[in-house]
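An overview of the molecular structure
One letter stands for each residue in the lines below.
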Amino acid sequence: MTIIMILLAVMGGATLSIQAAINGQLGSKVGVFKSAFLTFSVGALVTGLLIFFFEPKHALTLMDVPKWQLLGAMFGVPYIVIMVLAVQRIGTAVATVAVIFGQLTMSMLIDNFGWLGNEPIPFSMSRLGAIVCLGIALFFIYSSSRTIAAKEKTFGQAAIKD
């Protein structure tokens, strides 16, 4: 079951990259906030249908849970807006790896300290290695993107002069 959950999480990550690339293009044409609004509107509609048809009954409702847990919904807004802006400027790969770097770093802090009601999972050298490796990956992906962009800019200027 663990392998299935990992594979589903990888698939979820893949869909986020597709969403970021599409939203970046859409945001450049219609605006960042309209793109984000469309994402949340369609998401709310689809999720509403999923709740109506598939959600089992639970002992608690959204009104019964601790109110701080409702704040989780607010964190999707900056993510979508930032990704729409970032993808347009730095590309999907760099933006996605940067997001994953931020997710991994914050996740390890949450795990280590048991924040937000989660069971503590101590920090370790292998976890530090993971952050370092991802930071290095971000550096190389960003560096290669800058190198390619600089070459294209130089080539484009040379073609204009000819």
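The structure presented is a predicted model; accordingly, all values stated were derived computationally and were not measured.

The next thing to look at is the layout of surface pockets. In this structure, the largest pocket encloses a volume near 220 Å³. Together, Phe 75, Pro 78, Tyr 79, Ile 82, Met 83, Ala 86, Ala 95, Ala 98, Val 99 and Gln 103 line the largest pocket. Residues of the lining of the largest pocket, tallied by class, amount to nine nonpolar, one polar and no charged. When its volume is computed, the second largest pocket comes out at roughly 170 Å³. Considering only residue class, the lining of the second largest pocket consists of six nonpolar, two polar and no charged.

It is worth spelling out the environment of Gln 88 at this point. Looking at where Gln 88 falls in the secondary structure, it is placed in helix H3 (residues 76–90). Relative accessible area serves as the criterion here: at 34%, Gln 88 is assigned to the partly exposed category. As a C-alpha pair, Gln 88 and Ser 126 span 38 residues in sequence and 34 Å in three-dimensional space. Setting aside residues up to four positions removed in sequence, Gln 88 forms contacts with Gly 24, Gly 27, Ser 28 and Val 32.

As for its placement among the helices and strands, Ser 35 is situated in helix H2 (residues 32–54). On the basis of relative accessible area, Ser 35 is assigned to the buried category, the value being 0%. Here Ser 35 is in contact with Asn 23, Leu 26, Gly 27, Val 30 and Val 84, once residues within four sequence places are set aside.

Another point: the packing of aromatic side chains. In total, this model carries three aromatic pairs according to the counting rule given. Ring centres of Phe 52 and Phe 53 lie 4.9 Å apart, and the angle between their planes is 85 degrees; this geometry places the pair in the edge-to-face category. With relative accessibility at 66%, the residue Phe 52 sits in the exposed group. Aromatic side chains Phe 139 and Phe 140 sit 5.4 Å apart centroid to centroid with 65 degrees between the ring planes, which places their arrangement in the edge-to-face category. Each of the two residues, Phe 139 as well as Phe 140, counts as exposed.

Thresholds, definitions, all that
Residues numbered from 1 in each chain as written. Predicted model: local features only at pLDDT ≥ 70, side-chain atom pairs only at ≥ 80, totals over all residues. Heavy atoms only, no water. 1 Å grid on protein atoms, 1.4 Å probe; cavity = no way out; pocket = protein on both sides within 12 Å on 5 of 7 lines; lining within 4 Å. Points joined across faces, edges and corners; volume = space filled by probe spheres on them. Nonpolar A, V, L, I, M, F, W, Y, C, P; charged D, E, K, R; others polar. Helix = DSSP H or I, 4+ residues; strand = E, 2+ residues; numbered from the N terminus. Buried < 20%, exposed > 50% of the residue type's maximum accessible area, 1.4 Å probe, protein only. Contact = heavy atoms within 4.5 Å. Phe/Tyr/Trp six-rings, centres within 6.5 Å; stacked < 30°, edge-to-face > 60°.

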